[in-house]
Amino acid sequence: MELQELRSFIRGLPKAELHLHIEGTLEADMIFALAERNKVRLPYADIESLKRAYQFTNLQSFLDLYYAGAAVLQTEQDFHDMTWAYLQRAAADGVVHTEIMFDPQTHTSRGVVIETVFAGLASALRQGQQELGISSSLIFSFLRHLSEAEAFATLEQALPLREQYADLWLSVGLDSSEKGNPPEKFQKVFARCKELGFRRVAHAGEEGPASYVRDALDLLQAERIDHGVRSEEDPALMQHLRQEQVPLTVCPLSNLKLCVVTDLKQHNLKRMLEQGLCVTVNSDDPAYFGGYILDNYMAVAQALDLSREQLVQLAQNSMNARF
Ligand code: HPA
Ligand code: ZN
């Protein structure tokens, strides 16, 4: 298949994006524009020197830059503009539905109130539904390098807004530094979120071991696993994931940029798909990892020589895995 033909074929498949950090869609030029607008000083002379810093060796080396970049977000308009820019890109890639993660603690810890964050995200998402026909929801994600008590406090701050955003805020997630921050650390807050009726996802098995995937399922009652690529190290877990059709939100270009794999040809996405797991393709932090969802599909389609049927299956899996 010609590349252009492959691209339009994938673009034409109705797709859901289920693993996307909205703060990870902040393009370098927008970081500079918002820094200017908000009078925030950046430790980079220009857009090009910021982009040159996007050379990551592992998850933490990325997170350091990602949290620094998010510091330019101050007003409701900033959160709106960032989200709207993402939605336009997603629409152009043939995304019809998206479930967007955001990190409230990254903003509240800088003095941005949670009301500002919700208002900006929500106005863009509602506009996306009306003008682009993209349906969406929000995943309120806890930072796992912080304590469970801090997660509880953030949840408490946000709960008064629940009714106002009942159409959008459906779920909670768990992200940030995986190693050394196992699922069990957040068992109580996830139990509380389940009681409150929130759907649950968690990052697991990106850098952490397969046992974190199992614990995310058993201890956090996660309904989808973000990444999960290291599940392969535990055959019994693989069997469980297949039987229960637990969705894995895999992010190929992220795995490459963060050195989870050294070459996309070695990525286990195709193997997991052929074993009947509910694997999906997503972009994670597209502004930092070199591509949005269509680029991610293209990269694995080429590196792993995926068939049309497999590409259809990946898109179908993403639609099936929606909340
Ligand atoms: N892993 C963990 N935390 C994150 C990621 C990721 O890929 N992206 C943004 N926060
Ligand atoms: Zn992620």
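In this text, all values refer to a predicted model and were calculated from it rather than measured experimentally. (Residues numbered from 1 in each chain as written. Chains lettered and ligands numbered in written order. Predicted model: local features only at pLDDT ≥ 70, side-chain atom pairs only at ≥ 80, totals over all residues. Heavy atoms only, no water.)

**Q** Would you take a moment to explain the coordination of the zinc ion (ligand 2) for this structure?
**A** Geometry sets the ideal angles at a metal, namely 109.5 degrees for four tetrahedral donors and 90 or 180 degrees for six octahedral donors. The protein atoms that coordinate the zinc ion (ligand 2) are His19 (NE2), His21 (NE2), His203 (NE2) and Asp284 (OD), at distances spanning 2.0 to 2.2 Å. Between the 4 donor atoms coordinating the zinc ion (ligand 2), the angles at the centre fall across 81 to 174°, so the site counts as irregular. Positions of the donor residues of the zinc ion (ligand 2) along the chain correspond to the pattern H-x1-H-x181-H-x80-D. (Donors = N, O, S within 2.8 Å, 3.2 Å for Na, K, Ca; no water. Tetrahedral: all angles 85-135°; square planar, octahedral: opposite > 155°, others 65-115°.)

**Q** It is not clear to me how the site of ligand 1 should be interpreted in this structure. Could you clarify?
**A** The immediate surroundings of ligand 1 are formed by His21, Leu59, Phe62, Leu63, Tyr66, Asp175, Ser176, His203, Glu206, His227, Asp284 and Asp285. Separating a nitrogen atom of ligand 1 from a backbone N or O atom of serine 176 is a distance of 2.8 Å. Take glutamate 206: an N or O atom from its side chain is 2.8 Å from a nitrogen atom of ligand 1. Per-element tally for the shell around ligand 1: the top contributor is helix H4 (residues 59-70), with 4 residues. Taken together, the residues of the shell around ligand 1 break down into 4 nonpolar, 4 polar and 4 charged. (Near = heavy atom within 4 Å. Polar contact = N/O pair within 3.5 Å; in protein donor to acceptor, adjacent residues only side chain to side chain. Helix = DSSP H or I, 4+ residues; strand = E, 2+ residues; numbered from the N terminus. Nonpolar A, V, L, I, M, F, W, Y, C, P; charged D, E, K, R; others polar.)

**Q** In this structure, what is going on with the nonpolar core? I would like to understand it.
**A** In this structure, Phe118, Phe142 and Tyr288 are the most contacted members of the largest nonpolar core, which totals 101 residues. Top element by residues in this core is helix H7 (residues 114-132). It accounts for 8 residues. Non-local contacts of tyrosine 288, meaning those with residues more than four positions away in its chain, are made with Glu23, Gly24, Leu26, Ile31, Tyr54, Phe56, Phe62, Leu65, Tyr66, Gly69 and Lys257. Among the nonpolar cores identified, the runner-up in size contains 5 residues, and Val261, Leu264, Ala299 and Ala303 belong to it. (Core = buried A, V, L, I, M, F, W, Y, C linked by side-chain atoms within 4.5 Å. Buried < 20%, exposed > 50% of the residue type's maximum accessible area, 1.4 Å probe, protein only. Contact = heavy atoms within 4.5 Å.)

**Q** Looking at this model, I keep getting lost on the packing of aromatic side chains. Mind explaining?
**A** Considering all chains together, one arrives at 18 aromatic pairs under this definition. With 5.5 Å between their ring centres and 80° between their planes, phenylalanine 56 and phenylalanine 62 make a pair best called edge-to-face. For phenylalanine 62, a relative accessible area of 2% puts it in the buried group. Measuring from ring centre to ring centre gives 4.7 Å for phenylalanine 62 and phenylalanine 289, while their planes differ by 55°; the resulting arrangement is tilted. In this pair, phenylalanine 62 is assigned in helix H4 and phenylalanine 289 in helix H14 (residues 286-289), connecting sequence segments 227 residues apart. For the residue pair phenylalanine 62 and phenylalanine 289, the accessibility class agrees, reading buried in each case. Among the aromatic residues, ring-to-ring pairing joins Phe102, Phe118, Phe140, Phe142, Tyr165, Trp169, Phe190 and Phe198 into one connected group. (Phe/Tyr/Trp six-rings, centres within 6.5 Å; stacked < 30°, edge-to-face > 60°.)

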